[in-house]
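# Notes for the structure review
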Amino acid sequence: MTLKIDIDDSAPPYEQVRARISEQARSGELPVGYRLPTVRGLAESLGLAANTVAKAYRALEADGVIETRGRHGTFVAAAGSAADRELAVAAQAYAERARRLGQGQDAALAAVRDALRAAYGE
């Protein structure tokens, strides 16, 4: 597993860790079942505080990207189906809210594109 933290990036370090592990899991670079480094180990290798990496791991677990198996370690979760379901629920809620606000599909899609560009730094 290769991670780099960019100190000049506007995203906080925990978010950079979360995003990079999530991207690597989604792309298959980190296969399902891959054992991640310990919080302390990853923190030391990246020069971060353990709490920073722990925060990233908690967010990844909440997103269904990783799973912690007690003292056995932390692993890439199977296929992220929980994350896919959560994304679909969020998208449905957004679509319904946009319709209730009287926005058309074009306006709703434009708002999503703007939000995605801001979130992903594009």
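This is a predicted model, so every value here is computed, not measured.

### Let's talk about the packing of helix α1 (residues 13-27) against helix α3 (residues 50-62)
Each packed pair of helices is defined by two parameters, the angle between the axes and the distance between the axes. Between α1 and α3, whose axes approach to 8 Å, the crossing angle comes to 45°. The orientation of α1 with respect to α3, classified from their angle, is oblique. Remark: the crossing between α1 and α3 carries right-handed chirality. In contact with P13, Y14, V17, R18, I21 and S22 of α1, α3 contributes T52, K55, A56, Y57, A59 and L60.

### Brief notes about the packing of aromatic side chains
Any aromatic ring pair is given by two values, namely how distant the centres are and how the planes are angled relative to each other. For the structure shown, the criterion picks out zero aromatic pairs. Lying across the ring of Y14, K55 places its NZ or CZ 4.1 Å from the centre. The lysine or arginine in question, R69, covers the ring of F75, its NZ or CZ lying 4.0 Å from the ring centre.

### Considerations on the confidence of the model for the protein chain
Confidence in the prediction for the protein chain averages 89 pLDDT; 94% of positions are at 70 or higher. Looking across the protein chain, the model is least confident in helix α4 (residues 81-100), with a mean pLDDT of 80, and most confident in helix α2 (residues 39-46), with 96.

### Focus on the side chain of T74
If you trace the backbone, T74 turns up in strand β3 (residues 74-76). Polar contacts involving the side chain of T74 include one to the side chain of T68, which spans 3.5 Å. Excluding residues that lie within four positions of it along the chain, T74 makes contacts with Y34, R35, L36, Y57, I66, E67 and T68.

### Considerations on the nonpolar core
Formed by 17 residues in total, the largest nonpolar core has its most connected members in V17, I21, L42, Y57 and I66. Of all the secondary structure elements, the ones that give two or more residues to this core are α1, α2 and α3. No other element matches α3, which puts four residues into this core. Excluding anything up to four places from it in sequence, I66 contacts I21, L36, Y57, L60, E61, T74, F75, V76 and A77.

### Considerations on the pattern of salt bridges
Proximity of charged atoms lets side chains of opposite charge pair with each other. On inspection of all chains with the given rule, the structure shows four salt bridges. Note that R18 and E15 form a salt bridge whose closest N and O atoms lie 2.6 Å from each other. Taken as a pair, R18 and E15 lie in helix α1 at a separation of three residues, close to a single helical turn. When its relative accessible area of 23% is taken as the criterion, E15 is described as partly exposed. In this structure, D63 engages R18 in a salt bridge whose closest nitrogen and oxygen atoms are separated by 3.9 Å.

### A word on the domain arrangement of the protein chain
Quite often, the size of an interface is put as the accessible area lost when its parts meet. Here the domain parsing of the protein chain yields domain 1 (13-76) and domain 2 (82-120). Just the C-alpha atoms count here: the centres of domain 1 and domain 2 sit 27 Å apart.

Parameters and conventions
- Counting of residues starts from 1 at the beginning of each chain's written sequence and follows it residue by residue.
- Local features in this predicted model are restricted to residues of pLDDT 70 or higher, and side-chain atom pairs are both shown and tallied only at a pLDDT of 80 or more, whereas totals for entire chains, interfaces and linings draw on every residue.
- Excluding hydrogens and water, the side-chain figures rest on all heavy atoms present in the structure.
- In this description, a line fitted to the C-alpha atoms serves as the axis of each element, helices being fitted only across the stretch in contact, and the angle between N-to-C directions of two axes falls anywhere from 0 to 180 degrees.
- In DSSP terms, a helix is any run of H or I states spanning at least four residues, a strand is any run of E spanning at least two, and both are numbered starting from the N terminus.
- Note on terminology: angles under 35 degrees are roughly parallel, angles over 145 are roughly antiparallel, angles of 65 to 115 are roughly perpendicular, and the others are oblique.
- Left-handed describes a crossing in which the near helix is turned anticlockwise from the far one by less than a right angle; the clockwise case is right-handed.
- Any two residues whose heavy atoms approach within 4.5 Å at even a single point are treated as in contact.
- Whether two aromatic rings pair depends on their centres lying within 6.5 Å, for rings of Phe, Tyr and Trp, where Trp uses its six-membered ring; planes under 30 degrees apart make the pair stacked, over 60 edge-to-face, and the rest tilted.
- Note on criteria: charge over ring means Lys NZ or Arg CZ within 6 Å of the ring centre, with the direction from the centre no more than 35 degrees off the ring normal.
- The predictor reports its confidence for every residue as pLDDT, a score running from 0 up to 100.
- Polar contact is defined as a pair of N or O atoms within 3.5 Å, subject to the rule that within protein one atom must be able to donate a hydrogen and the other to accept it, and that residues adjacent in sequence are counted only when both atoms are side-chain atoms.
- Residues belong to one nonpolar core when they are buried, are Ala, Val, Leu, Ile, Met, Phe, Trp, Tyr or Cys, and are joined through side-chain atoms within 4.5 Å.
- Only protein chains enter the accessibility calculation, which uses a 1.4 Å probe; a residue whose area is less than 20% of its type maximum is buried, one above 50% is exposed, and one in between is partly exposed.
- Think of a salt bridge as a Lys or Arg side-chain nitrogen and an Asp or Glu carboxyl oxygen that are within 4 Å of each other.
- Where each domain starts and ends comes from a domain assignment, either automatic or drawn from a database.

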